[in-house]
Amino acid sequence: MGVKFIKVSVCYFVIGVCLGMYMSMTEKFTFTPVHVHVNLLGWTAMTLAGLIYVAFPSASETRLAKIHFWGHNLALPVMMIGLAFLISGVSAAGTAVAIGGTVMVLSIIIFAINILLHVKN
Ligand code: HEM
Ligand code: HEM
C-alpha cells in the first residue's frame, strides 16, 4: 500500500502544480480550492500515508489499509471534478462534492483507526 500511495501521489503533484501554474499565468484564481485540495489531499496527504505505510508494514498489510487506499482514491477525483464543475456554475455537481467529501472523511477516519491499531513500536 505504501508504494501505491506514493506513486499515485506524484501524479496528483504534477496535476496540482500544473493547475497552479495555469492559475498564475491566466491570473484566474477561481480554481484555487481545486488546486489546494489536489495538492494537499492528493500529493501531501497521500505521500505521508505512503511513507507511514512503508515505515510500518504491519499497518500496510491490513484490510483497513486497502479500504483507506480505495476510499481515498475513489473519493478524491469525484470530489475534485465535482468541485471544478461546481465552481464553473453547475450547481448539480454539489452532490458529487458532498459524496466525494464524505467518502474522503470516512477513509481518513479508517486510516486513523488503522494507524492507532496497527502501528506498534
Ligand atoms: C509550481 C507550483 C505551484 C504554483 C504555480 C501555485 C500557484 C498558486 C496560485 C496562483 C494560488 C492562488 C493564490 C491566490 O488566490 O492569491 C495558489 C494557492 C495555494 N496553493 Fe499553490 N501553487 C503551486 C504549488 C502548490 C503546492 C505544491 C501546494 C501544497 C502542497 C500549494 C498549496 C496552495 C494553497 C494551500 C493555496 C491557497 C492559499 C490561500 O488560501 O491563500 N501550492 N497556488
Ligand atoms: C474531506 C476533506 C476536506 C474537505 C471536505 C475540505 C473542505 C474545504 C472547504 C469547503 C473549504 C473552503 C473552500 C472555499 O473557501 O472556497 C476548504 C478550504 C481549505 N482547505 Fe480543505 N477540505 C478537506 C481537506 C483538507 C486537507 C486535508 C487540507 C490540508 C492538508 C485542507 C486545506 C485547506 C486549505 C488550505 C483551504 C483554504 C483554501 C483557499 O484559500 O481557497 N483541506 N476545504
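Just so you know, these numbers come straight off a predicted model, no measurement behind them.

About the cut-offs
Residues numbered from 1 in each chain as written. Chains lettered and ligands numbered in written order. Predicted model: local features only at pLDDT ≥ 70, side-chain atom pairs only at ≥ 80, totals over all residues. Heavy atoms only, no water. UniProt positions renumbered as here; feature names shortened; annotations may be inferred. Helix = DSSP H or I, 4+ residues; strand = E, 2+ residues; numbered from the N terminus. Near = heavy atom within 4 Å. Polar contact = N/O pair within 3.5 Å; in protein donor to acceptor, adjacent residues only side chain to side chain. Nonpolar A, V, L, I, M, F, W, Y, C, P; charged D, E, K, R; others polar. Donors = N, O, S within 2.8 Å, 3.2 Å for Na, K, Ca; no water. Axes fitted to C-alpha atoms, helices over the stretch in contact; angles between N-to-C directions. Parallel < 35°, antiparallel > 145°, perpendicular 65-115°, else oblique. Left-handed = near helix turned anticlockwise from the far one by under 90°. Phe/Tyr/Trp six-rings, centres within 6.5 Å; stacked < 30°, edge-to-face > 60°. Buried < 20%, exposed > 50% of the residue type's maximum accessible area, 1.4 Å probe, protein only.

Feature annotation in UniProt assigns "transmembrane region" (unreviewed entry) to the following positions: residues 5-24, 36-56, 68-90 and 96-117. Within the segment residues 5-24, helix and strand shares are 100% and 0% respectively, and the terminal C-alpha atoms sit 28 Å apart. A distance of 29 Å separates the end C-alpha atoms of residues 68-90, which is 87% helix and 0% strand.

The subject of this paragraph is the site of ligand 1. Neighbouring residues of ligand 1: 13 residues in total, closest Gly 20, Ser 24, His 35, Val 36 and Asn 39. Taking His 35, its side chain carries an N or O atom lying 2.8 Å from a nitrogen atom of ligand 1. Elements supplying a minimum of two residues to the shell around ligand 1: helix H1 (2-26) and helix H2 (32-55). Residue composition of the shell around ligand 1, by class: seven nonpolar, six polar and no charged.

For the iron atom of ligand 1, the sole protein-derived donor is His 35 (NE2), lying 2.0 Å away. The residue His 35 is located in helix H2 in this model.

Next up on the list: the packing of H1 against H2. The N-to-C vectors of H1 and H2 enclose an angle of 160°; their axes lie 8 Å apart at closest approach. In this view, H1 runs roughly antiparallel relative to H2, as classed from their interaxial angle. Judged by the twist between their axes, the crossing of H1 over H2 is left-handed. Split by residue class, the contact of H1 with H2 holds 18 nonpolar, 10 polar and no charged.

What follows concerns the site of ligand 2. Taken together, Thr 32, Pro 33, Val 36, His 37, Leu 40, Leu 41, Met 79, Gly 101, Met 104 and Val 105 make up all the residues around ligand 2. Between ligand 2 and His 37 there is a distance of 2.8 Å, counted from a nitrogen atom to a side-chain nitrogen or oxygen. Looking at the shell around ligand 2, the elements that each hand over two or more residues are H2 and helix H5 (94-118). If you tally residues by element for the shell around ligand 2, the top one is H2, at six residues. Residue composition of the shell around ligand 2, by class: seven nonpolar, three polar and no charged.

This part covers the packing of aromatic side chains. Following the criterion strictly, the structure yields five aromatic pairs and no others. Ring centres 5.8 Å apart and planes at 85° place the aromatic pair Tyr 53 and Phe 111 in the edge-to-face group. Here Phe 111 lies in helix H5 and Tyr 53 lies in helix H2, a separation of 58 residues in the sequence. No difference in accessibility class separates Tyr 53 from Phe 111, as the two residues are buried.

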